[in-house]
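# Per-entry structural report
Here is what each chain is made of, one letter per residue.
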Amino acid sequence: MGDVFLRRLSRWQADQYRDQLADLHVAAYDGAAHGVTARDAAPVRDAAVHDATPVRDGAASAEPHGRGAPVPGPGHGPGHREPYVEPFHSRSRFRERLAEHSARPGFDLVIADSGGRPVGCAYGYPLPRDSDRWHGFAGPVPGQLAELTAAGRVFAVAELVVTPRERRRGIGRRLHDRLLSGSGAALAVLLLSPADAHATAAEAARRSWGWQPAGRVRLPAAGDVGDALEVFVRPLRR
């Protein structure tokens, strides 16, 4: 294994790297079944930070995490089948999300480079002051979360992945820390499906990296991520 260097990409560079990052994303999810240690597990392996607004992180809305197979549509006869939908973690869906996210104000992306190729990446963006992301929160929205969102001081982590062959080297933690160190925010946030939130390795990493549970939020169109996502926050130095 060679040396791994971290570097930030501009929006223009992110577009140039889109295909390579899409390949990285697919490889990271294809390799998820092989196990990840807490040292390298990402608290979110993909754009699992979902906006409550129709456009969002991962596609701005909580898009379906479906398997991609056509399924019978509700209210239709047994012979009716809905159009095929690409799985959430497919290459094409990731490319669409990255294009949408990279156009957001304050978008920031860090890659781990080994021999001129990306072996890991993390990106996110500040939540807009007028974000209605917390509509549908289960119970009262924590005061700090509501106040800092209104003040434009919350940074959403949308992607953090490391290719399977480079895991267990601390690259995930390095990406995580570099991304958040440049955010200028007071609070970081991520939203995860229950399945991702309670994966053993990812849960251990989240705790060791300072993430705290803040509640659950229901999205207007949760699709295949489920009808509620778990909210995690991490205070940042001001």
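Going by the structure above, here's the rest.
This report concerns the structure included in the present document. (Residues numbered from 1 in each chain as written. Predicted model: local features only at pLDDT ≥ 70, side-chain atom pairs only at ≥ 80, totals over all residues. Heavy atoms only, no water.)

The next thing to look at is helix 3 (residues 91-102). One turn of an α-helix holds 3.6 residues; hence residues three or four places apart share an orientation. Relative to the 16 Å expected for 12 residues at 1.5 Å per residue, helix 3 spans 16 Å between its end C-alpha atoms, a close match to the ideal helical length. Three or more residues of helix 3 are buried, namely Arg-93, Phe-94, Arg-97, Leu-98, His-101 and Ser-102. Buried residues of helix 3, seen end-on, are gathered within an arc of 155 degrees and therefore sit on one face of the element. Elements that come into contact with the buried residues of helix 3 comprise helix 1 (11-16), helix 2 (18-30), strand 2 (108-114), strand 3 (117-126) and strand 4 (154-162). (Helix = DSSP H or I, 4+ residues; strand = E, 2+ residues; numbered from the N terminus. Expected span 1.5 Å × (residues − 1). Buried < 20%, exposed > 50% of the residue type's maximum accessible area, 1.4 Å probe, protein only. Arc of directions from axis to C-beta. Contact = heavy atoms within 4.5 Å.)

Here the focus is the pattern of salt bridges. Working definition: two side chains of opposite charge can pair if their charged atoms are close together. Applying the stated criterion across every chain, the model contains 11 salt bridges. The shortest N-O distance in the salt bridge between Asp-23 and Arg-91 comes to 2.6 Å. Placement of the pair is Asp-23 in helix 2 and Arg-91 in helix 3, with a sequence separation of 68 residues. The exposure class of Asp-23 is partly exposed, given its relative accessible area of 42%. (Salt bridge = Lys/Arg side-chain N within 4 Å of Asp/Glu carboxyl O.)

Turning next to the packing of helix 2 against helix 3. Packing of helix 2 against helix 3 brings their axes to within 9 Å, and their N-to-C directions diverge by 125 degrees. Judged on the interaxial angle alone, helix 3 and helix 2 are oblique. Both helix 2 and helix 3 take part in a crossing whose hand is right-handed. Counting all contacts with helix 2, which are made through Arg-18, Asp-19, Leu-21, Ala-22, Asp-23, His-25 and Val-26, the residues of helix 3 involved are Arg-91, Phe-94, Arg-95, Arg-97, Leu-98 and Ala-99. (Axes fitted to C-alpha atoms, helices over the stretch in contact; angles between N-to-C directions. Parallel < 35°, antiparallel > 145°, perpendicular 65-115°, else oblique. Left-handed = near helix turned anticlockwise from the far one by under 90°.)

Leu-21, Leu-109, Trp-134, Val-189 and Val-231 are the most contacted members of the largest nonpolar core, which totals 35 residues. A total of 5 residues in this core trace back to one element, the largest contributor, which is helix 2. Dropping the residues within four chain positions of it, Leu-109 is found in contact with Arg-7, Arg-8, Leu-9, Ala-14, Leu-21, Leu-98, Ala-122 and Tyr-123. Counting residues in hydrophobic clusters, the runner-up holds 24 residues, among them Val-157, Leu-179, Leu-190 and Trp-209. (Core = buried A, V, L, I, M, F, W, Y, C linked by side-chain atoms within 4.5 Å.)

Of all 9 residues in strand 4, 9 are buried, a share of seventy percent or more. In terms of strand pairing, strand 3 meets strand 4 through 7 bridges, oriented antiparallel. Following the sheet pairing, Gly-120 is matched in strand 4 by Val-162. Of the crossover connections in this fold, the one passing from strand 4 over helix 5 (residues 171-181) to the parallel strand 5 (residues 187-192) is right-handed. (Pairing = 2+ DSSP bridges. Right-handed = clockwise from strand over helix to strand, strands pointing away.)

So, on to helix 7 (residues 200-208). Residues Ala-202, Glu-203, Ala-205 and Arg-206 constitute the buried set of helix 7. All buried residues of helix 7 fall inside an arc of 165 degrees around its axis, so they share one side. Facing away from the buried surface of helix 7 by more than 90 degrees, the exposed residues are Thr-200 and Arg-207. In this structure, the buried side of helix 7 is in contact with strand 5, helix 6 (194-197) and strand 7 (229-235). A positive phi of about 95 degrees marks Gly-210, the residue just after helix 7.

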